[in-house]
Amino acid sequence: MHLRPTFAAPLLTTLGLLVGSAAYAQVPISTATAGDSLSLETTIRSVLDANPSINALQEEVNQAQSRLAQQRTYLKPVVTGTASYTRIDPQVKLNLTPEQAPFQLAPNNNYDTHVAAQYTLLDFGRANAAIEVARSRTLTAADNIDVTRRDLAYAAAQSYYSILFAREAIRVQDAQIASLQQHEREMQRRVEGGVSTQFDVTTTQVRIAQAQDKKIDLQNQLRNQEVQLARLLHKSESAVVPVRGRFEYNPEAVNVQAALEAGAANRPEVKLARDNEATAAAQLRVAEVGNKPQLNVLAQAGGKNGYIVPNLNRFRFNTVAGAQLSIPIYDGGRNKTQRAEAQSAIKGAQARTQDTQEQVRADVLQAVNNMQASTARYDNSQVQIGQATDALTRAKARYRYGVGNNLDVLDAETQLAQSRLSRLQAIYNYTIGQYQLRRATGEQIWEAAK
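Along each chain, numbering runs from 1 in the same order as the chain's sequence is written. Owing to the predicted nature of the model, reporting of local features is limited to residues with pLDDT of at least 70; listing and counting of side-chain atom pairs is limited to 80 or more, with chain, interface and lining totals taken over all residues. For side-chain calculations, the full set of non-hydrogen atoms in the structure is used, while hydrogens and water are omitted.

Enquirer: Break down the overall build of the chain for me, with residues and values.
Expert: Helix and strand definitions here come from DSSP, where helices need a minimum of 4 consecutive H or I residues and strands a minimum of 2 consecutive E residues; each element is numbered from the N-terminal end. When you go through the chain residue by residue, the secondary structure sums to ten helices and six strands. Here the chain, with 450 residues, has 39% of them falling under the buried criterion. Contacts: residue pairs with any heavy atoms within 4.5 Å of one another. Long-range contacts, defined here as pairs at least 24 residues apart, represent 83% of the contacts in the chain between residues at least 6 apart. We get accessible surface area from the Shrake-Rupley algorithm with a probe of 1.4 Å; when it comes to residues, only the shown protein chains can shield them. Counting every atom, the chain has about 24,300 Å² of accessible surface; 52% of that belongs to carbon and sulfur. Throughout, exposure labels follow a simple rule: accessible area from a 1.4 Å probe, protein chains only, divided by the maximum for the residue type, with under 20% read as buried, over 50% as exposed, and the rest as partly exposed.

Put into structure tokens, the structure is as follows:
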């Protein structure tokens, strides 16, 4: 399939959106320039380390863990210590006999210190149900971190490979420009020798200008991708973040069924959906036990004054023990509506899980399709390059011997450059498919980058 001269426009649109570890094979590719420092692995890890959203999500995990620990305290007794002083005036005094001093029923100064312990002996699973809700929310918070890390790693890989892709595309344009400039010099010599006309030189210069326009667009795309990577790294927008790496075509066999199973098991969105199901089920359990009886026991030990015998003001040891049974009788239908709400939440969570699983399946199949299409396009581009190279050789020979025209040479030059760009994009798209498949199956991109 031959590409039109407007190839650069869709290429530039795709460049900022897709990612891949592509290269055009069988073509010597030098490593990045001397100032480069970031490999794919270090780029991804630097982005993950620099992004504050992960820290914010980690704090949410810490909060969820604290709430879980707080809920677990309801399974333990509550112990409190109390000390009080009360002055009461006047106090009732009784004159029993004229010979005896007045008998006082209570002291004016009242002291009371005690330690009390209260424990819920039976709540029919109410505390455990609340603990399950808190535990499920903790898992959700942790899975949210995995989703964010995955998305950040994917964005980092996009910027990283877009930079390398732009560099390789610029090299292709440089090769075309150099070849056209060499052809222009040859045209000048032929004009000076009276063999060709100035029209041939001008036509060649137009093609050079068109190739330079494409190069300018690619250079602009390269700078924009460097700015994007700097943003992901939370550096200054004016900072140029150097990267190093190669494009390599590494085709791989894909077991579609295994990929579908991996996506269903490992995709963080599936885990989040199942977390929501578990949370909804735990909320239903809380509602089901919300109107159950509750039995509490209380024990208290301490000292106080105010005992009439033998001395009203003597501070004496005392104990208190008791039990309290609370039985809900009527709540206006609140518990019934809570259970209905929880049941509806379970059905909604189950529907979202099913939808997520279907989306995972679609993502896996689309990634595989992209890889297969890119493989076919790569094979086709290899044929195109061979044909375009042969056509250019023949066009130059025909023109040299005066049986061809300059436009044939220029068209052959353009077709060869476009074929090389087509091969480069095919490999780029193939690796995009590889990364899409990794993302679809829940593979950790930062681990795959090693």
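Next comes the rest of the write-up.
Enquirer: Let's hear about the sheet that holds strand S6 (residues 316-326): which residues, and what values?
Expert: Pairing between two strands is assigned when DSSP locates at least 2 bridges connecting them. As summarised here, the arrangement of the four strands in space is S1-S4-S5-S6, forming an open sheet in which the pairing is antiparallel. Looking at which strands have only one partner, the edges of the open sheet turn out to be strand S1 (78-87) and S6. Along the sheet, successive strands turn relative to each other by an average axial angle of 20°, direction set aside. Here ten bridges tie strand S4 (residues 109-122) to strand S5 (residues 294-304), and the two strands are oriented antiparallel to one another. The convention used is that axes are lines fitted to C-alpha atoms, helices contributing only their stretch in contact, and that angles between N-to-C directions extend from 0 to 180 degrees.

Enquirer: I'd like a description of a positive patch on the surface, backed by residues and values.
Expert: The patches reported here contain residues having more than 30% relative accessible area and no salt bridge. Joining distances are 9 Å for like charges and 5 Å for nonpolar side chains (Val, Leu, Ile, Met, Phe, Trp, Tyr). Between Lys or Arg on one side and Asp or Glu on the other, a salt bridge is scored when a side-chain nitrogen of the former is within 4 Å of a carboxyl oxygen of the latter. A residue counts as positive if it is Lys or Arg and as negative if it is Asp or Glu; His and the chain ends are not included. For charged residues, the charge sits on one atom: NZ in Lys, CZ in Arg, CG in Asp, CD in Glu. Positive charge collects at one region of the surface, where Arg 285, Lys 292, Lys 336 and Arg 339 lie side by side. With respect to the helices and strands, Arg 339 occurs in helix H8 (residues 334-400). The exposure class of Arg 339 is partly exposed, given its relative accessible area of 33%.

Enquirer: How would you summarise the packing of aromatic side chains if you had to cite specific residues and measurements?
Expert: The pairing test for Phe, Tyr and Trp rings, Trp by its six-membered ring, is centres within 6.5 Å, and the orientation test on the planes gives stacked under 30 degrees, edge-to-face over 60, and tilted for anything in between. Evaluation of the coordinates by the stated rule reveals six aromatic pairs. Measuring from centroid to centroid gives 4.9 Å for Tyr 160 and Tyr 161, while their planes differ by 85°, and the two rings are edge-to-face. For the pair shown, Tyr 160 and Tyr 161 are each scored as buried. Residues Phe 165 and Tyr 428 carry aromatic rings whose centres are separated by 4.1 Å and whose planes lie at 50° to one another, so their mutual orientation is tilted. A residue pair is termed long-range when its members are at least 10 positions apart, and Phe 165 in helix H4 (residues 126-192) and Tyr 428 in helix H9 (residues 406-440) qualify at 263 residues. Like Tyr 428, Phe 165 is buried.

Enquirer: Go over the nonpolar core, please, and point to the residues and values.
Expert: With 34 residues, the main nonpolar core has Leu 40, Ile 44, Val 47, Tyr 161, Val 243, Phe 247 and Tyr 435 as its most contacted residues. Contributions of two or more residues to this core are made by helix H2 (40-50), H4, helix H5 (198-232) and H9. Counting 15 residues, the second-largest nonpolar core is a separate cluster that includes Val 270, Val 364, Val 368 and Tyr 378. Joining through side-chain atoms within 4.5 Å is the link that ties buried Ala, Val, Leu, Ile, Met, Phe, Trp, Tyr and Cys residues into a set, and such a set is a nonpolar core.

Enquirer: Before we move on, can you summarise the side chain of Gln 91 with the specific residues and values?
Expert: Along the chain, the position of Gln 91 falls in the loop between S1 and strand S2 (93-94). Any pair of N or O atoms that falls within 3.5 Å is considered a polar contact. Within protein, one atom must be able to donate a hydrogen and the other to accept it, and sequence-neighbouring residues count only if both atoms are side-chain atoms. A distance of 2.9 Å separates a polar side-chain atom of Gln 91 from the backbone oxygen of Pro 107. When residues no more than four places from it in sequence are discounted, the contact partners of Gln 91 are Gln 104, Ala 106, Pro 107, Asn 108 and Asn 110.

Enquirer: Explain the UniProt feature "coiled-coil region" (unreviewed entry) in the chain to me, and be specific about the residues and the numbers.
Expert: UniProt positions are given in the numbering used here, feature names are shortened, and annotations may be inferred rather than shown by experiment. The feature "coiled-coil region" (unreviewed entry), as annotated in UniProt, sits at residues 201-235 in this numbering. Secondary structure content for residues 201-235 is 91% helix and 0% strand, and the end C-alpha separation is 47 Å.

Enquirer: Could you give an account of the confidence of the model for the chain, naming the residues involved and the relevant values?
Expert: In regions of low pLDDT, the predicted coordinates are not meant to be interpreted in detail. Confidence scores per residue from the predictor, reported as pLDDT, run from 0 to 100. Model confidence for the chain is summarised by a mean pLDDT of 82, while 90% of its residues fall at 70 or above. The secondary-structure element of the chain with the lowest mean pLDDT is helix H1 (residues 8-15), recorded at 35, while S1 shows the highest, at 94. Every residue in residues 1-36 scores below 50 in pLDDT, and together they form 101 contacts with partners more than four places removed in sequence or on other chains.

Enquirer: Any details on the pattern of salt bridges? Residues and values, ideally.
Expert: Considering all chains together, one arrives at 13 salt bridges under this definition. Two residues, Glu 41 and Arg 45, come together in a salt bridge whose shortest N-O distance is 3.5 Å. Within this pair, Glu 41 and its partner Arg 45 are both found in helix H2, separated by four residues, close to a single helical turn. Classification of Glu 41 by relative accessible area gives partly exposed; the value is 28%. Residue classification places Arg 45 among the partly exposed residues on the basis of a relative accessible area of 28%. The structure contains a network of salt bridges with shared partners spanning Arg 150, Asp 151, Arg 267, Glu 269, Asp 363 and Arg 439.

Enquirer: Tell me what's going on with the packing of helix H6 (residues 256-266) against H8, and back it up with residues and numbers.
Expert: Contact geometry for H6 and H8: axes closest at 9 Å, N-to-C directions at 140°. Classified by chirality, the crossing of H8 by H6 is right-handed. On the side of H6, the interface is formed by Val 256, Ala 259, Leu 260, Gly 263 and Ala 264, while H8 contributes Val 360, Arg 361, Val 364, Leu 365 and Val 368. Residues were grouped as follows: Ala, Val, Leu, Ile, Met, Phe, Trp, Tyr, Cys and Pro as nonpolar; Asp, Glu, Lys and Arg as charged; and all remaining residues, including Gly, as polar. For the contact of H6 with H8, the class distribution of residues is eight nonpolar, one polar and one charged. A clockwise turn of the near helix away from the far one marks a right-handed crossing, whereas an anticlockwise turn of less than a right angle marks a left-handed crossing.

Enquirer: So what's going on with the side chain of Asp 275? Which residues, and what values?
Expert: Note that Asp 275 resides in helix H7 (residues 268-288). Among buried charged residues, Asp 275 stands out as having no salt bridge; its nearest opposite-charge side chain is Arg 274, 8.4 Å away. Setting aside residues no more than four positions away along its own chain, Asp 275 makes contact with Ser 136, Leu 139, Thr 140 and Asp 143.

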